[in-house]
There are 4 protein chains.
Amino acid sequence: MIIQLEKTISESQLGQLEKKLTTIDYKTNKVSTQYGDYIIGVGKKEFDIRSIGTMPGIRDIHRVSDAYKLVSKKWKVNDTQIDLGDGVVIGTGNFQIMAGPCSIESEEQIEATVAHLVKNNIRIMRGGVYKPRSSPYSFRGLGIDGLKIFYQKCSAAGIKIITEVMMVEQIESMHDYIDIYQVGARNSQNFNLLDALGKVDKPVMLKRGISGTINELLQAAEYIFSNGNERIMLCERGIRSYETAYRNTLDINAIPILKDKTHLPVIVDPSHGIGVRKHVESVALAGVIAGADAVIVEVHETPEKAFSDGQQTLNNQEAESLYDHLRRTFELRESFK
Amino acid sequence: MIIQLEKTISESQLGQLEKKLTTIDYKTNKVSTQYGDYIIGVGKKEFDIRSIGTMPGIRDIHRVSDAYKLVSKKWKVNDTQIDLGDGVVIGTGNFQIMAGPCSIESEEQIEATVAHLVKNNIRIMRGGVYKPRSSPYSFRGLGIDGLKIFYQKCSAAGIKIITEVMMVEQIESMHDYIDIYQVGARNSQNFNLLDALGKVDKPVMLKRGISGTINELLQAAEYIFSNGNERIMLCERGIRSYETAYRNTLDINAIPILKDKTHLPVIVDPSHGIGVRKHVESVALAGVIAGADAVIVEVHETPEKAFSDGQQTLNNQEAESLYDHLRRTFELRESFK
Amino acid sequence: MIIQLEKTISESQLGQLEKKLTTIDYKTNKVSTQYGDYIIGVGKKEFDIRSIGTMPGIRDIHRVSDAYKLVSKKWKVNDTQIDLGDGVVIGTGNFQIMAGPCSIESEEQIEATVAHLVKNNIRIMRGGVYKPRSSPYSFRGLGIDGLKIFYQKCSAAGIKIITEVMMVEQIESMHDYIDIYQVGARNSQNFNLLDALGKVDKPVMLKRGISGTINELLQAAEYIFSNGNERIMLCERGIRSYETAYRNTLDINAIPILKDKTHLPVIVDPSHGIGVRKHVESVALAGVIAGADAVIVEVHETPEKAFSDGQQTLNNQEAESLYDHLRRTFELRESFK
Amino acid sequence: MIIQLEKTISESQLGQLEKKLTTIDYKTNKVSTQYGDYIIGVGKKEFDIRSIGTMPGIRDIHRVSDAYKLVSKKWKVNDTQIDLGDGVVIGTGNFQIMAGPCSIESEEQIEATVAHLVKNNIRIMRGGVYKPRSSPYSFRGLGIDGLKIFYQKCSAAGIKIITEVMMVEQIESMHDYIDIYQVGARNSQNFNLLDALGKVDKPVMLKRGISGTINELLQAAEYIFSNGNERIMLCERGIRSYETAYRNTLDINAIPILKDKTHLPVIVDPSHGIGVRKHVESVALAGVIAGADAVIVEVHETPEKAFSDGQQTLNNQEAESLYDHLRRTFELRESFK
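Cut-off values and rules
Residues numbered from 1 in each chain as written. Chains lettered and ligands numbered in written order. Predicted model: local features only at pLDDT ≥ 70, side-chain atom pairs only at ≥ 80, totals over all residues. Least-squares fit on C-alpha atoms with pLDDT ≥ 70 in both. Contact = placed C-beta atoms within 7 Å. Axes fitted to C-alpha atoms, helices over the stretch in contact; angles between N-to-C directions. Helix = DSSP H or I, 4+ residues; strand = E, 2+ residues; numbered from the N terminus. Parallel < 35°, antiparallel > 145°, perpendicular 65-115°, else oblique. Left-handed = near helix turned anticlockwise from the far one by under 90°. Nonpolar A, V, L, I, M, F, W, Y, C, P; charged D, E, K, R; others polar. Expected span 1.5 Å × (residues − 1). Buried ≥ 20, exposed ≤ 12 C-beta atoms within 10 Å, placed from the backbone. Domains from an automatic or database assignment. Pairing = 2+ DSSP bridges. Arc of directions from axis to C-beta.

**Here we look at the relation of the copies chain C and chain D**
Here is step 1 of the chain: Once chain C has been moved 0.0 Å along the axis and rotated by 180 degrees, it coincides with chain D to within an RMSD of 0.0 Å. Here the copies are linked by what is in effect a two-fold axis. Among all residues of chain C, the one whose C-alpha sits closest to the rotation axis is Ala 286 of chain C, at a distance of 2.0 Å.
Here is step 2 of the chain: Interface overlap between copies: 100% of the residues of chain C at the interface are likewise at the interface in chain D, consistent with a symmetric, same-surface contact.

**Considerations on the packing of helix α3 (residues 107-119) of chain C against helix α4 (residues 143-156) of chain C**
All names here are of chain C.
Here is step 1 of the chain: At their nearest, the axes of α3 and α4 sit 10 Å apart, and the two run at 25 degrees to each other. Between α3 and α4, the interaxial angle falls into the category roughly parallel. Once α3 is placed against α4, the crossing between them reads as right-handed. Each of Glu 107, Ile 110, Glu 111 and Val 114 in α3 lies in contact with α4, whose residues at this interface are Ile 149, Phe 150, Lys 153 and Cys 154.
Here is step 2 of the chain: Its residues assigned to classes, the contact of α3 with α4 shows five nonpolar, no polar and three charged.

**Looking at helix α7 (residues 214-226) of chain B**
Residues and elements named next belong to chain B.
Here is step 1 of the chain: Taking 1.5 Å per residue as the helical rise, α7 with its 13 residues ought to reach 18 Å, and the 18 Å between its terminal C-alpha atoms agrees with that figure.
Here is step 2 of the chain: Within α7, twelve of the 13 residues are buried, which leaves it mostly tucked inside the rest of the structure.
Here is step 3 of the chain: Considered for burial, the residues of α7 that qualify are Ile 214, Glu 216, Leu 217, Leu 218, Gln 219, Ala 220, Ala 221, Glu 222, Tyr 223, Ile 224, Phe 225 and Ser 226.
Here is step 4 of the chain: For α7, the elements touching its buried residues are β2 (27-32), β3 (37-42), α6 (191-197), β11 (204-207), β12 (232-236) and α8 (254-261).
Here is step 5 of the chain: Phi turns positive one or two residues past the end of α7, at Gly 228, with a value near 125 degrees.

**Thoughts on the environment of Ile 24 of chain D**
Residue and element names in this part refer to chain D.
Here is step 1 of the chain: Of note, Ile 24 is situated in the loop between α1 (11-23) and β2 (27-32).
Here is step 2 of the chain: By C-beta crowding, Ile 24 is classed as partly exposed, having 14 other C-beta atoms within 10 Å.
Here is step 3 of the chain: Counting along the chain gives 100 residues from Ile 24 to Ile 124, while the straight-line C-alpha distance between them is 48 Å.
Here is step 4 of the chain: What Ile 24 contacts, discounting residues up to four positions off in sequence, is Gly 43, Lys 45 and Phe 47.

**Quick look at the domain arrangement of chain A**
Residue and element names in this part refer to chain A.
Here is step 1 of the chain: Here the domain parsing of chain A yields domain 1 (2-62) and domain 2 (82-335).
Here is step 2 of the chain: Using only C-alpha atoms to locate each centre, domain 1 and domain 2 end up separated by 36 Å.
Here is step 3 of the chain: Each partner contributes to the interface: domain 1 provides seven residues, whereas domain 2 provides six residues.
Here is step 4 of the chain: When residues of the side of domain 1 that touches domain 2 are assigned to their parent elements, the largest contribution, three residues, is made by strand β2 (residues 27-32).
Here is step 5 of the chain: Split into classes, the residues belonging to the side of domain 1 that touches domain 2 amount to three nonpolar, four polar and no charged.

**Observations concerning the interface of chain C and chain D**
Here is step 1 of the chain: On the side of chain D, 32 residues touch chain C, which itself brings 32 residues to the contact.
Here is step 2 of the chain: Within the residue set of the side of chain C that touches chain D, elements represented by two or more residues are α7 (214-226), α8 (254-261), α10 (280-289) and α11 (316-335) of chain C.
Here is step 3 of the chain: When residues in the side of chain C that touches chain D are grouped by element, the largest group, five residues, is from α10 of chain C.
Here is step 4 of the chain: A class-by-class count of the residues in the side of chain C that touches chain D yields 18 nonpolar, eleven polar and three charged.

**A look at the sheet that holds strand β13 (residues 266-268) of chain B**
Residues and elements named next belong to chain B.
Here is step 1 of the chain: Pairing is parallel in the closed barrel, where eight strands are placed in the order β7-β8-β9-β10-β11-β12-β13-β14. Adjacent strand axes in the sheet meet at a mean angle of 25 degrees, parallel and antiparallel pairs treated alike.
Here is step 2 of the chain: With respect to the sheet, α7 is in contact with β11 and β12, its orientation differing from that of β12 by roughly 160 degrees.

**Side note on helix α11 (residues 316-335) of chain A**
Here is step 1 of the chain: Compared with the 28 Å implied by 1.5 Å per residue over 20 residues, the 29 Å span of α11 of chain A between its first and last C-alpha is a close match.
Here is step 2 of the chain: Where α11 of chain A is concerned, the buried positions are Ala 319, Leu 322, His 325, Leu 326, Thr 329, Phe 330, Leu 332 and Arg 333 of chain A. Axial view of α11 of chain A: buried residues confined to an arc of 155 degrees, hence all on one face. Among the exposed residues of α11 of chain A, those oriented more than 90 degrees off its buried face are Gln 317, Ser 321, Asp 324, Glu 331, Glu 334 and Ser 335 of chain A.
Here is step 3 of the chain: Each element contacted by the buried residues of α11 of chain A is listed here: β7 (96-100), α10 (280-289) and β14 (294-298) of chain A together with α10 (280-289) and α11 (316-335) of chain B.

Here you go:
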């Protein structure tokens, strides 16, 4: 149950509400975000919700039977849009492409990528400076210094950036140099990180766990929202299956299902979703026609020299063809409405 | 290694060839299909293939290192087309829709479906008369009598039919009443059935196993081809995963990968692929933009009354919207070439 | 709902029963096996089962809410024993080992294996004469002629045999030369084969599908039972997972769960269950301590020369150590009761 | 490649070694733990390792081709023992049981559990004070205050404790109140947490990820070791599969495979491994006979009132039977050597 509070609700009205909920054995959680104040009530007893909905200080009340609450479409039927500023908006009616290398490697690499993005009218650059790697002996990213250069070059060109945050301690130092925090698949249920990202007023893109369920992804997003941050995107990036002909199994089903269950924007990552360069376009287009609000894709001037993920990274020429096809596919989808 | 033989090859030339292969420790398999004669050589020794290619009676020779041979694109780079007659062709440059109920239930149902297909210019009807069911106490189909009516109504309307064959004994009795034999997911590695279907000159659509790998699917097709039947289609119908938010996980990755590895047409089954009626369209479109040559979809006048699979079956109105969107998506894909 | 009938029930009493069931909207299936006659009622209405239980000609009546009925422990709480004759009994209180090669290869191989089994007091030999193989170009077994020699050598030594049947047509010709029909993992939902095996009075060992659920396995067994054959064993042989460090994932959980849900004997196949020779013993012992009634294991005098499955086959010496440890593990388990 | 250094190696000798490795294009990583100093060389060139092994200051040199190095059995063939003090040793020749509730709930609960453990001669108590929960609205544990009481009660009774650490910031505050840090399945690839636990001199038990591979588990352990902490245990706790008849699929295969690949102790968690109370014993025994060095099991005086995981928690009486059977199973396994 979600109770939306008026901004003007008084302490005594709030007290009355909580007393009322206690009498029907509902546990309450108070949530305050950049956009509103909510009481989440968790309990089992049936009752007439109007008896609460008509109390003073209450804007609205909604039953939400899902395990997740605030991220559910059951109370918020209009899809969430996330405005990054400068005309870059993610979500319903907009289509965005996030492109760039797996890892930020050098100033030259950033500049070349920025030029490529500007040429193709792409407004969001991806690139990792903290890299989760299976082996401790692998390249682990340029860190905060790399991020500063990355941000400076991009903001100068009007390009927003998205990059992965791996631990709570990094959040603050990264804050002034990012536009979107990315939570990687391996941290999809790192609840302390999610708690902390809920306390920051920057958008978060949350990747589905390596074998995360759709429910777990939505509950992970609920962690962020319930800590105060409504600006969340969800990313389908392939799940682990028995098939070995490619890297991950892009779960195309997850896209319409997420769009149906949640009001949050849904992003598709075809690069990790299949992991094979020559097939990235096919599954990227599939993601868009199936309903994705944006695509995040790995692009590098010379994929064969990339520090990581080269085998699934497009070169500039392949990427340009992809961008065109993505946009035409999005237009076709829009025409179906 | 695949050796294509001339039709005119003599017994003694063939003997020489086999002797030559024996000397380099290759096991040979002779394959004769409706279109050609082949020797499949399996061995490990490296040798100059020209020493065989220039022998009399040999049309061509190809190295194929895959576990599957004749279905591989490595020797036959032009995609296979399957002509069902009356202008109904499956494969490259054509786009087909196969639609109809999960189970054939009655003459009235067939007639209603045929009318719907004719109205929408759909040339292939699906419908099961032998139904594999998890429980022995469930409806198992109308059998051969149902098939005869099904075929008669369809052929009268210029519509081709596809229906599942479950056992070797059924092949002959079904032969005169079908256009395409379907092998279901549970029989995907029923090798005796595949052997037998290789000996019939009717097209076969082979579904991927419930958790079959792409390699296993191609090797299953190899059974059919190597027994003499080149007219094979492969069908991606979703795989089993840990996710429970839907029925099966449509493996969208499999589509470009199959199109890359084999010359056979690839069909997508969005109905089983997601198993949730309201999301069938999204994944069907995804399958087409990713490269499928045809879509097979469950449609019923009144899905809520269907004998089986009602929860994933479209009603006529939903289906008509789907057909339109499928065709426009196929056109877009063609325009990308 | 399972209704056990008296052998003496009259036609008119049976008619009354079916009429009664029809009035409460239950679909009925009559089942006659080597041991009893049953009516399986499938319906949803609640009613007092005593109103049927007290009718003439009824031995007993049981509610069974599972999807499977006759194989459920809910109506038959005492575990089924399968007596192969000559003192070889499978099931509760007995522990059996089935050992032998993956494929029957030659008369010499059979003789060597029989000598090994006799020496170790093993009463059941395994060995395939029809081999399901991923590739059509692989060795597919010696067929019926091999089976005849296999059976003759074994029966002369007092050893029972188990071998795989792949298609309905093989059942009759194999009948006089086997003690247990084995259904392989790929045929686990070959419903026509299961139907036919239900009509034969020889025991059947049914392997779990490559990614079959426990429920599917039990429903597959229900096919056999409901066609008339109560003598069924279930075999856990590993499932398909994402892990690539071994061949299959032996589902140890399935063993106590099957023993809890069904009265049928449960066999563990550690050879396929892990697929790595040096670890076969560890998982075999695990299967026994967890409750398996028997173990089926691949053994060959010279595994490195075996026609198939050599990498998971024990040599005689390894096998002898295993037999001893298996028996001591079974004794320990029995002492826990 | 692992190079073990003498404690007495001089700076100049170290310099020479690194220079030598550079000349053959090996990247080097210096590792210093509580027990030794190592250089990990990562490269591809073949060379005679004796040319390094005979340099001054070098104790030994080993080729390790696995992706993980220091945790591999290829260089350290004797299994690691972890001595917790007071005669509590984990690893080869010892068998330990870790028992207790999922969550620490109250002082009374701790006292009751301690009494139960003392009575049964169990030396390690488990219990969570930081609880990772799918939903942000669930009970998340008593935190550091709960830990202090937990530790105080246990140490007074000579019992060691193991509890989960979820984030880097918790490590220091927990340090004086724990005997073993547990890393949960969801943090199995939280590389920053692993890095930090490598810098602490307390043992760490690392759980396999929800769908982690065996290789990933070993590489995660490599993070801890390479940061300086050799005292690591690995825990198999079930993986995610398609089967829904139980909670997780205990991967029994992983136990012999881990014992073969690594020198670290291996623990089995049957409670999460199957998730069904009545079957916990069967799979616990399976884990032990297959080679586990210890068992970690959920026990609660009144499982039906437990704050979490009640459905898989044993009551005291069930637990006592389990302890007896576990010890007898371990004895049997030892007798096989």
